[in-house]
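So you can see what is in the structure, the chains are spelled out below.
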Amino acid sequence: MKLTQALSRYSIAFFLATPLFLVSAKGQVKVTPEMAEMLPAKIMDAEGSMFSRDVLSGKIVGFYFSANWCPPCRSFSPKLVEFRNKNQKDFEIVYISFDESLAVQLNYMKKSNMKWYTLPYGSIDGNKLAQKYGITGIPTLVIVSPNGKTITRNGRGDVTYNPNGALAKWMQSPAYEE
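These numbers come from a predicted model, not from an experiment.

Conventions adopted
- Along each chain, residues carry numbers from 1 onward, in the same order as the chain's sequence is written.
- Local features are withheld for residues below a pLDDT of 70 in this predicted model, meaning they are given only at 70 or higher, and side-chain atom pairs are given and counted only at 80 or more; totals for whole chains, interfaces and linings count all residues.
- Excluding hydrogens and water, the side-chain figures rest on all heavy atoms present in the structure.
- In this text, helices come from DSSP runs of H or I with a minimum length of four residues, and strands from runs of E with a minimum of two, each type numbered from the N-terminal end.
- Categorising residues by exposure relies on relative accessible area from a 1.4 Å probe, with only protein chains included: less than 20% of the type maximum marks a residue as buried, more than 50% marks it as exposed, and the intermediate range marks it as partly exposed.
- Here, residues are in contact when the closest pair of their heavy atoms is within 4.5 Å.
- Per-residue accessibility takes into account occlusion by the displayed protein chains alone, with areas from the Shrake-Rupley method and a 1.4 Å probe.
- Nonpolar cores were defined as sets of buried Ala, Val, Leu, Ile, Met, Phe, Trp, Tyr and Cys residues, with membership established by side-chain atoms within 4.5 Å.
- Put simply, two rings from Phe, Tyr or Trp (the six-membered ring, in Trp's case) pair if the centres are within 6.5 Å, and we call them stacked under 30 degrees between planes, edge-to-face over 60, tilted for the rest.

Caption draft 1: Inspection of the overall build of the chain at higher detail. A tally of helices and strands in the chain yields seven helices and seven strands. When the helices and strands of the chain are placed in sequence order, the string is α-α-β-β-β-α-β-α-β-α-β-β-α-α. The buried share among the 178 residues of the chain stands at 44%. Considering only intrachain contacts with a sequence separation of at least 6, the fraction spanning at least 24 residues in the chain is 67%. A total accessible area of about 10100 Å² is found for the chain, and carbon and sulfur atoms account for 58% of it.

Caption draft 2: Molecular detail of the nonpolar core. By size, the foremost hydrophobic cluster in this structure holds 48 residues, and its most contacted members are Phe63, Tyr64, Phe65 and Trp170. Discounting chain neighbours no more than four positions away, the residues touching Phe65 are Ile96, Phe98, Gly126, Leu129, Ala130, Tyr133, Ile135, Ile138, Pro139, Thr140 and Val142.

Caption draft 3: View of the packing of aromatic side chains. The final tally for this structure, using the stated rule, is 10 aromatic pairs. Centre to centre, the rings of Tyr64 and Tyr95 are 5.9 Å apart; their planes meet at 40°, and the pair counts as tilted. In this pair, Tyr64 is assigned in strand S3 (residues 60-66) and Tyr95 in strand S4 (residues 91-97), connecting sequence segments 31 residues apart. Connected via pairs of aromatic rings, a cluster forms that spans Tyr64, Phe76, Tyr95, Tyr108 and Trp116.

If you want it as C-alpha coordinates, here you go:
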(Lines give C-alpha, C1' and ligand atoms only; values in the text may rest on other atoms or scores of the structure.)
Protein backbone atom coordinates (compact mmCIF):
# COMPACT_ATOMS: atom_id res chain seq x y z
CA MET A 1 0.00 0.00 0.00
CA LYS A 2 2.76 2.46 0.82
CA LEU A 3 4.36 2.02 -2.62
CA THR A 4 0.99 2.54 -4.34
CA GLN A 5 0.34 5.68 -2.30
CA ALA A 6 3.82 7.02 -3.05
CA LEU A 7 3.41 6.39 -6.78
CA SER A 8 -0.01 7.97 -6.72
CA ARG A 9 1.36 11.09 -4.98
CA TYR A 10 4.30 11.18 -7.41
CA SER A 11 1.94 10.94 -10.40
CA ILE A 12 -0.28 13.71 -9.07
CA ALA A 13 2.71 15.93 -8.28
CA PHE A 14 4.19 15.30 -11.75
CA PHE A 15 0.85 16.00 -13.42
CA LEU A 16 0.38 19.24 -11.51
CA ALA A 17 3.95 20.43 -12.06
CA THR A 18 4.18 19.64 -15.77
CA PRO A 19 1.89 22.38 -17.12
CA LEU A 20 3.70 24.97 -15.00
CA PHE A 21 7.06 23.84 -16.41
CA LEU A 22 5.82 23.99 -20.02
CA VAL A 23 4.32 27.44 -19.59
CA SER A 24 7.47 28.64 -17.86
CA ALA A 25 9.75 27.17 -20.53
CA LYS A 26 7.63 28.60 -23.33
CA GLY A 27 7.66 32.04 -21.76
CA GLN A 28 11.48 32.07 -21.57
CA VAL A 29 12.18 31.31 -25.25
CA LYS A 30 12.91 34.73 -26.69
CA VAL A 31 15.41 36.05 -29.18
CA THR A 32 18.18 38.16 -27.70
CA PRO A 33 17.68 41.94 -27.55
CA GLU A 34 20.30 42.32 -30.32
CA MET A 35 18.36 39.98 -32.60
CA ALA A 36 15.09 41.65 -31.64
CA GLU A 37 16.49 44.99 -32.83
CA MET A 38 17.05 43.52 -36.30
CA LEU A 39 13.65 41.89 -36.78
CA PRO A 40 10.03 42.94 -36.47
CA ALA A 41 7.99 41.25 -33.74
CA LYS A 42 6.24 39.12 -36.39
CA ILE A 43 7.81 37.33 -39.34
CA MET A 44 6.03 35.48 -42.14
CA ASP A 45 6.27 32.03 -43.73
CA ALA A 46 5.75 31.04 -47.39
CA GLU A 47 2.01 30.69 -46.80
CA GLY A 48 1.75 34.27 -45.53
CA SER A 49 1.10 33.19 -41.93
CA MET A 50 2.66 35.33 -39.22
CA PHE A 51 4.90 33.99 -36.43
CA SER A 52 6.73 35.53 -33.50
CA ARG A 53 10.39 36.24 -34.23
CA ASP A 54 11.03 34.14 -31.11
CA VAL A 55 10.83 31.01 -33.32
CA LEU A 56 14.45 31.90 -34.17
CA SER A 57 15.62 31.80 -30.54
CA GLY A 58 18.82 29.86 -30.02
CA LYS A 59 19.45 29.31 -33.73
CA ILE A 60 22.05 30.55 -36.15
CA VAL A 61 20.13 32.68 -38.65
CA GLY A 62 20.89 33.19 -42.31
CA PHE A 63 19.54 36.40 -43.79
CA TYR A 64 19.01 35.41 -47.42
CA PHE A 65 18.83 38.32 -49.86
CA SER A 66 17.46 36.95 -53.14
CA ALA A 67 14.85 37.23 -55.90
CA ASN A 68 13.00 35.01 -58.35
CA TRP A 69 14.15 37.05 -61.38
CA CYS A 70 17.86 36.47 -60.50
CA PRO A 71 19.40 33.42 -62.29
CA PRO A 72 22.23 32.94 -59.71
CA CYS A 73 19.59 33.08 -56.95
CA ARG A 74 17.48 30.40 -58.65
CA SER A 75 20.63 28.28 -58.92
CA PHE A 76 21.69 28.72 -55.27
CA SER A 77 18.25 28.47 -53.62
CA PRO A 78 17.89 24.65 -54.03
CA LYS A 79 21.29 24.18 -52.36
CA LEU A 80 20.18 26.42 -49.50
CA VAL A 81 16.86 24.57 -49.16
CA GLU A 82 18.72 21.27 -48.84
CA PHE A 83 21.23 22.73 -46.36
CA ARG A 84 18.55 24.34 -44.20
CA ASN A 85 16.37 21.23 -44.16
CA LYS A 86 19.35 19.12 -43.07
CA ASN A 87 20.33 21.58 -40.30
CA GLN A 88 17.02 23.12 -39.21
CA LYS A 89 17.50 22.12 -35.57
CA ASP A 90 20.30 24.71 -35.26
CA PHE A 91 19.84 26.91 -38.33
CA GLU A 92 17.04 28.93 -39.86
CA ILE A 93 16.61 31.29 -42.80
CA VAL A 94 14.93 34.67 -42.98
CA TYR A 95 14.37 35.56 -46.63
CA ILE A 96 14.62 39.22 -47.65
CA SER A 97 13.01 39.50 -51.06
CA PHE A 98 14.08 41.67 -53.96
CA ASP A 99 11.13 40.40 -56.02
CA GLU A 100 8.56 42.65 -57.71
CA SER A 101 5.72 42.05 -55.23
CA LEU A 102 4.60 40.05 -52.22
CA ALA A 103 2.67 37.68 -54.50
CA VAL A 104 5.79 36.95 -56.59
CA GLN A 105 7.85 36.53 -53.40
CA LEU A 106 5.47 34.00 -51.84
CA ASN A 107 5.05 32.14 -55.15
CA TYR A 108 8.84 31.84 -55.51
CA MET A 109 9.09 30.53 -51.96
CA LYS A 110 6.36 27.93 -52.53
CA LYS A 111 7.62 26.64 -55.88
CA SER A 112 11.21 26.45 -54.54
CA ASN A 113 10.17 24.64 -51.31
CA MET A 114 11.51 27.46 -49.13
CA LYS A 115 9.83 26.40 -45.88
CA TRP A 116 11.45 29.12 -43.88
CA TYR A 117 10.61 32.61 -42.70
CA THR A 118 10.57 35.87 -44.56
CA LEU A 119 10.00 39.57 -44.20
CA PRO A 120 7.22 40.92 -46.42
CA TYR A 121 8.32 42.33 -49.77
CA GLY A 122 9.44 45.95 -49.52
CA SER A 123 9.29 46.04 -45.71
CA ILE A 124 11.17 48.72 -43.81
CA ASP A 125 12.83 45.98 -41.73
CA GLY A 126 14.08 44.19 -44.86
CA ASN A 127 15.47 47.45 -46.22
CA LYS A 128 17.21 48.15 -42.90
CA LEU A 129 18.88 44.72 -42.99
CA ALA A 130 20.01 45.29 -46.60
CA GLN A 131 21.54 48.63 -45.53
CA LYS A 132 23.07 47.21 -42.35
CA TYR A 133 24.90 44.50 -44.31
CA GLY A 134 25.70 46.69 -47.33
CA ILE A 135 23.94 44.41 -49.80
CA THR A 136 25.01 45.39 -53.33
CA GLY A 137 24.30 42.11 -55.13
CA ILE A 138 22.22 38.98 -54.82
CA PRO A 139 22.16 36.21 -53.83
CA THR A 140 23.78 37.06 -50.51
CA LEU A 141 23.55 34.94 -47.38
CA VAL A 142 24.59 36.71 -44.17
CA ILE A 143 25.05 34.38 -41.19
CA VAL A 144 24.44 35.68 -37.65
CA SER A 145 24.77 33.97 -34.29
CA PRO A 146 21.76 33.53 -32.01
CA ASN A 147 22.76 36.76 -30.26
CA GLY A 148 22.75 38.74 -33.52
CA LYS A 149 26.51 39.01 -34.08
CA THR A 150 27.64 38.66 -37.68
CA ILE A 151 29.53 35.43 -38.29
CA THR A 152 30.06 35.84 -42.04
CA ARG A 153 28.70 37.64 -45.07
CA ASN A 154 29.84 34.72 -47.23
CA GLY A 155 27.29 32.13 -46.17
CA ARG A 156 26.61 31.42 -49.83
CA GLY A 157 30.22 30.31 -50.37
CA ASP A 158 30.18 28.19 -47.21
CA VAL A 159 26.93 26.42 -48.18
CA THR A 160 28.07 25.93 -51.78
CA TYR A 161 31.60 24.68 -51.15
CA ASN A 162 31.40 23.21 -47.64
CA PRO A 163 27.80 22.08 -47.05
CA ASN A 164 28.81 19.34 -44.60
CA GLY A 165 31.08 21.58 -42.51
CA ALA A 166 29.54 25.06 -42.76
CA LEU A 167 27.39 24.85 -39.62
CA ALA A 168 30.30 23.55 -37.50
CA LYS A 169 32.53 26.30 -38.91
CA TRP A 170 29.98 28.95 -37.96
CA MET A 171 29.61 27.52 -34.45
CA GLN A 172 33.39 27.75 -33.99
CA SER A 173 33.47 31.40 -35.06
CA PRO A 174 34.57 33.93 -32.40
CA ALA A 175 31.31 35.76 -33.16
CA TYR A 176 29.20 32.72 -32.25
CA GLU A 177 27.39 33.12 -28.94
CA GLU A 178 24.06 31.66 -27.95
